Amino acid sequence: MKTRSFSGMRCSIAGAMELIGDRWALLVIRDLSLGLSRYDELRASTGIPAATLAARLKHLTASGIIERVRYQERPPRDEYRLTRKGHDLWKVSVALREWGDRWDATGFGSPSIEMVDRETNHPVTLALVDAVTGELLPLERVRLRPGPGADDATHRLLTATGTD
């Protein structure tokens, strides 16, 4: 699945990628967030090889991102659902979709899915929001600072890049 483990790195991005696994896993998460839940649906939607899908589902279940739920006893059939932890990945998939749309990552020239407000039908985008005031922030007002789990290497990195 991966060539090198990111475990042990003091980086939330590396840790998240370790839990997610790889690009196939992100497509499985995408499809689960769209409402697909059964193995055959996931396989048809992604085109993922059967053994690869089985491995990704097992990894995502072990990571607590999805759960396996029995929906039929005879014959036994299970479906997959995002956990709360998995639902929190939705923003990541939205950010990837927005980036892919903006930079025409598919090469087809226009997006296949648009996200809109249910009431106004206006396009919706992700935004940076001040957690205390709720104010929308432009990227220019955002800076990084060491968090409670920062080590010396993190402090050095932020100092060297001038982001702190």
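Basis of the calculations
- Residues numbered from 1 in each chain as written.
- Predicted model: local features only at pLDDT ≥ 70, side-chain atom pairs only at ≥ 80, totals over all residues.
- Heavy atoms only, no water.
- Domains from an automatic or database assignment.
- Contact = heavy atoms within 4.5 Å.
- Buried area = accessible area lost by both parts, 1.4 Å probe.
- Salt bridge = Lys/Arg side-chain N within 4 Å of Asp/Glu carboxyl O.
- Helix = DSSP H or I, 4+ residues; strand = E, 2+ residues; numbered from the N terminus.
- Phe/Tyr/Trp six-rings, centres within 6.5 Å; stacked < 30°, edge-to-face > 60°.
- Lys NZ or Arg CZ within 6 Å of the ring centre and 35° of its normal.
- Axes fitted to C-alpha atoms, helices over the stretch in contact; angles between N-to-C directions.
- Parallel < 35°, antiparallel > 145°, perpendicular 65-115°, else oblique.
- Left-handed = near helix turned anticlockwise from the far one by under 90°.
- Nonpolar A, V, L, I, M, F, W, Y, C, P; charged D, E, K, R; others polar.
- Buried < 20%, exposed > 50% of the residue type's maximum accessible area, 1.4 Å probe, protein only.
- Arc of directions from axis to C-beta.
- Polar contact = N/O pair within 3.5 Å; in protein donor to acceptor, adjacent residues only side chain to side chain.
- Patch = residues over 30% accessible without salt bridge, like charges linked within 9 Å, V, L, I, M, F, W, Y side chains within 5 Å.
- Areas by Shrake-Rupley, 256 points an atom, 1.4 Å probe, with all protein chains shown as cover.

- Named according to an unreviewed UniProt entry, the protein is Transcriptional regulator originating from Rhizobium rhizogenes.

**Structural notes on the domain arrangement of the protein**
Stage number 1. Partitioning the protein into structural domains gives domain 1 (10-111) and domain 2 (126-163).
Stage number 2. The partner domain 2 presents 5 residues to the 5 residues of domain 1 that form the contact.
Stage number 3. Both sides together, the interface formed by domain 1 and domain 2 hides about 380 Å², and carbon and sulfur atoms give 50% of it.
Stage number 4. Counting the surface domain 1 buries against domain 2, the share from its top three residues, Arg 10, Lys 91 and Glu 98, is 83%.
Stage number 5. Remark: the boundary between domain 1 and domain 2 carries 1 salt bridge.
Stage number 6. Across the salt bridge formed by Arg 10 and Asp 151, the nearest N and O atoms sit 3.6 Å from each other.

**So, unusual backbone geometry**
Stage number 1. Here the residue pair Arg 74 and Pro 75 is connected by a cis peptide bond, since its omega of -10° sits within 30 degrees of zero.
Stage number 2. Mapped onto the secondary structure, Pro 75 falls in the loop between strand E1 (66-72) and strand E2 (77-82).
Stage number 3. With phi around 45°, Asp 104 is a residue other than glycine that occupies positive phi space.
Stage number 4. Residues other than glycine seldom take positive phi values, yet Asn 121 does so here, at roughly 65°.
Stage number 5. Along the chain, Asn 121 turns up in the loop between helix H6 (90-102) and strand E3 (128-129).

**Section: the packing of aromatic side chains**
Stage number 1. In the structure shown here, the tally under the stated rule is 0 aromatic pairs.
Stage number 2. Positioned above the aromatic ring of Tyr 71, the side-chain terminus of Arg 38 is 3.8 Å from the ring centre.

**Here we look at the packing of helix H3 (residues 39-46) against helix H4 (residues 50-62)**
Stage number 1. As a packed pair, H3 and H4 sit with axes 11 Å apart at the nearest point and diverge in direction by 120°. Comparing the axis directions of H3 and H4 gives the class oblique. The way H3 lies across H4 gives a crossing that is right-handed. Contact with H3, carried on its side by Tyr 39, Leu 42 and Arg 43, involves Ala 50, Leu 53, Ala 54 and Leu 57 of H4 and no other residues of that element.
Stage number 2. Each residue belonging to the contact of H3 with H4 can be placed in one class, and the counts come to 6 nonpolar, no polar and 1 charged.

**Concerning helix H2 (residues 23-33)**
Stage number 1. The complete set of buried residues in H2 reads Ala 25, Val 28, Ile 29, Asp 31 and Leu 32. The buried residues of H2 all sit within an arc of 165° when viewed along its axis, so they share a single face.
Stage number 2. Capping of H2 at its N-terminal end is provided by Asp 22; its side-chain oxygen lies 3.2 Å from the backbone amide nitrogen of Trp 24.
Stage number 3. One or two steps after H2, the chain reaches Gly 35, where phi turns positive at roughly 110°.

**Section: helix H7 (residues 152-161)**
Stage number 1. Burial runs low along H7: only 1 of the 10 residues are buried.
Stage number 2. Positive backbone phi, at 70°, marks Gly 162, one or two positions downstream of H7.

**Points about a nonpolar patch on the surface**
Stage number 1. A cluster of nonpolar residues, Phe 6, Met 9, Ile 13 and Met 17, forms a patch on the protein surface that exposes about 370 Å² of accessible area.
Stage number 2. In this structure, Ile 13 sits in helix H1 (residues 12-20).

**Details of the environment of Arg 156**
Stage number 1. Assignment of secondary structure puts Arg 156 in helix H7.
Stage number 2. When the C-alpha atoms of Arg 156 and Pro 146 are compared, they prove to be 9.8 Å apart, with 10 residues separating the residues in sequence.

**Description of the pattern of salt bridges**
Stage number 1. Summed over the entire model, instances satisfying the criterion amount to 10 salt bridges.
Stage number 2. Salt-bridge contacts for Glu 79 lead to Arg 81; the nearest nitrogen and oxygen are separated by 2.6 Å.
Stage number 3. Residue classification places Glu 79 among the buried residues on the basis of a relative accessible area of 10%.
Stage number 4. Judged by its relative accessible area of 39%, Arg 81 is partly exposed.

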